[in-house]
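The lines below spell out each chain.
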Amino acid sequence: MKKALILGVTGQDGSYLAEVLLEKGYEVHGMYRKTATGNTRNIEHFTDKITLHRGDILDSTSLYRIITTVQPDEIYNEADQDHVGWSFEAVDFQYNVTGAAVGRLLEIIRQLNPKIKVFQPLSSHMFGKTTDIPQTENTDFQPQSPYACAKVLAAVISRFYRETYDMFVGTAIFYNHESPRRPDEYLSRKVTKAAARISLGLQNALELGDLSAKIDWGYSKEYMEAAWSILQQPKADDYIISTGETHSVQEFVDETFRQVNLDPSKYVKVNPKFLRPATNTILFGDISKAKNAFGFDPKVKFKELIKIMLEHDLKEAKREMVDKK
């Protein structure tokens, strides 16, 4: 039985990845950190099937301890700060946890067991203001946020350890991927949750930033299947993981409110405080390489993704109504 260690197992991607690996018969271990809320909600339905370890991606001693104890075949690093807006407010933390921590992790693995396969998620935000449309794995990086800059560092470090030490470090350049497990402050979840609550009279309005931004939106669980596939390839490489189609934030809003039979113009307002200092060009990826390598072909597209998220948020909103009575 293969053993996998997931860093950041309680997050959206980490929790779906744990489910994927359990379905494939892995012995799954997860590292989780101390937080103010202690939130393990995403993994509560399967905690009896995995082994949890306390630690932090910023703490080398815990990484040494956990990797030595588990001795995994594969390590998936899903521990970072992935909110672009937040990265402008906590720049030093962003560079450390999303960029430099990757170097520390790979050096620890090199010293303990360089045969461990490592998965490192990257981001389409690295492409920033590129003129390549669609983007490929060879598109130049032009990051437009501290988050994107940190991911560029993670990409460079991953390639360095792969090429210099012949370590298996596979990466996915993920485009936006959503689910009902997205935290509330993320755009997609903010919209679906607001639409659900507004439709039931629990909320009056929704404030957003740039409605014209075009985004390639996919489904997190499908992207975690791709993460696993990347580590099963004959050699480590970089792959773009996306749907290959874009929709504006306005389209996301319109479709979400349409599914609850509401006119978004009556409820949605633009607030300048949500606008970012720098923006990307249109980002959508060419998935030819991943499709040819391991048959990546996302099934959940735009409308279905919104439906999945909205159904969950409507159930939550109805529970909220019952609790208020």
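Provided above is the structure to which this section pertains.
Since the model is a prediction, treat every value here as computed from it, not as a measurement.

Participant: Help me get a handle on helix 5 (residues 146–165), residues and values and all.
Facilitator: Taking 1.5 Å per residue as the helical rise, helix 5 with its 20 residues ought to reach 28 Å, and the 28 Å between its terminal C-alpha atoms agrees with that figure. All of the buried residues along helix 5 are P146, Y147, A148, A150, K151, V152, A154, A155, I157, S158, Y161 and R162. As for helix 5, its buried residues are in contact with helix 3 (84–87), helix 4 (91–112), strand 5 (117–123), strand 6 (169–174) and strand 11 (238–241). D166 lies just past helix 5 and shows a positive phi near 55°.

Participant: Please provide a residue-by-residue account of the pairing of strand 1 (residues 3–7), values included.
Facilitator: In terms of burial, strand 1 is a largely internal element, four of the five residues being buried. This β-α-β element, strand 1 to helix 1 (residues 12–23) to strand 2 (residues 27–32), shows right-handed connectivity. Bridge analysis of strand 1 against strand 4 (residues 74–77) gives four bridges, and the strand direction is parallel. From the neighbouring strand, L7 faces strand 4, where its bridge partner is N77.

Participant: Before we move on, can you summarise the environment of S123 with the specific residues and values?
Facilitator: When you line up the elements, S123 lands in strand 5. Through-space distance from the C-alpha of S123 to that of I173 is 4.8 Å; in sequence the pair is 50 residues apart. Contact partners of S123, with chain neighbours within four places excluded, come to Y147, K151, I173 and F174. At 3.0 Å, the side chain of S123 forms a polar contact with the backbone nitrogen of H125.

Participant: Outline empty space enclosed by the protein, listing residues and values.
Facilitator: If you roll a probe as big as a water molecule over the atoms, it shows you where there is empty space left. Applying the stated criterion across every chain, the model contains one cavity of 30 Å³ or more. By volume, the largest cavity is sized at about 30 Å³. Lining the largest cavity, in full, are N77, A79, D80, T98, Q120, P121 and K151. Residues belonging to the lining of the largest cavity are distributed by class as follows: two nonpolar, three polar and two charged.

Participant: Explain the packing of helix 6 (residues 187–199) against helix 10 (residues 302–324) to me, and be specific about the residues and the numbers.
Facilitator: One way to put it is that helix 6 packs onto helix 10 with a least axis distance of 8 Å and a crossing angle of 50°. In terms of orientation, helix 6 and helix 10 fall into the oblique class. In this structure, helix 6 crosses over helix 10, and the sense of that crossing is right-handed. Residue-level contacts link S188, R189, T192, K193, A195, A196, R197 and S199 of helix 6 to M309, L310, H312, D313, L314, E316, A317, E320 and K324 of helix 10. Of the residues in the contact of helix 6 with helix 10, the class split is six nonpolar, four polar and seven charged.

Participant: Please set out the side chain of E78 residue by residue, giving values where relevant.
Facilitator: For E78, the position within the fold is in the loop between strand 4 and helix 3. No salt bridge is formed by the buried E78; its nearest oppositely charged neighbour, K151, is found at 7.0 Å. Once residues within four sequence positions are removed from consideration, E78 is found in contact with I6, L7, G8, D13, G14, L17, F119, P121 and M224.

Participant: Break down the packing of aromatic side chains for me, with residues and values.
Facilitator: Throughout the structure, instances matching the rule amount to 14 aromatic pairs. Centroid distance F119 to F174: 5.9 Å. Interplanar angle 55°. Geometry classified as tilted. You can see F119 sitting in strand 5 and its partner F174 sitting in strand 6, a full 55 residues away along the chain. Ring centres of F160 and Y161 lie 5.3 Å apart, and the angle between their planes is 90°; on these two criteria the pair is classed as edge-to-face. Judged by relative accessible area, Y161 falls into the buried class, the value being 8%. In textbook terms, an aromatic cluster arises when at least three aromatic residues are bridged by ring pairs, as seen for Y76, F119, F174, Y223 and F296.

Conventions and cut-offs
Residues numbered from 1 in each chain as written. Predicted model: local features only at pLDDT ≥ 70, side-chain atom pairs only at ≥ 80, totals over all residues. Heavy atoms only, no water. Helix = DSSP H or I, 4+ residues; strand = E, 2+ residues; numbered from the N terminus. Expected span 1.5 Å × (residues − 1). Buried < 20%, exposed > 50% of the residue type's maximum accessible area, 1.4 Å probe, protein only. Contact = heavy atoms within 4.5 Å. Right-handed = clockwise from strand over helix to strand, strands pointing away. Pairing = 2+ DSSP bridges. Polar contact = N/O pair within 3.5 Å; in protein donor to acceptor, adjacent residues only side chain to side chain. 1 Å grid on protein atoms, 1.4 Å probe; cavity = no way out; pocket = protein on both sides within 12 Å on 5 of 7 lines; lining within 4 Å. Points joined across faces, edges and corners; volume = space filled by probe spheres on them. Nonpolar A, V, L, I, M, F, W, Y, C, P; charged D, E, K, R; others polar. Axes fitted to C-alpha atoms, helices over the stretch in contact; angles between N-to-C directions. Parallel < 35°, antiparallel > 145°, perpendicular 65-115°, else oblique. Left-handed = near helix turned anticlockwise from the far one by under 90°. Lys, Arg positive; Asp, Glu negative; His and termini not counted. Salt bridge = Lys/Arg side-chain N within 4 Å of Asp/Glu carboxyl O. Phe/Tyr/Trp six-rings, centres within 6.5 Å; stacked < 30°, edge-to-face > 60°.

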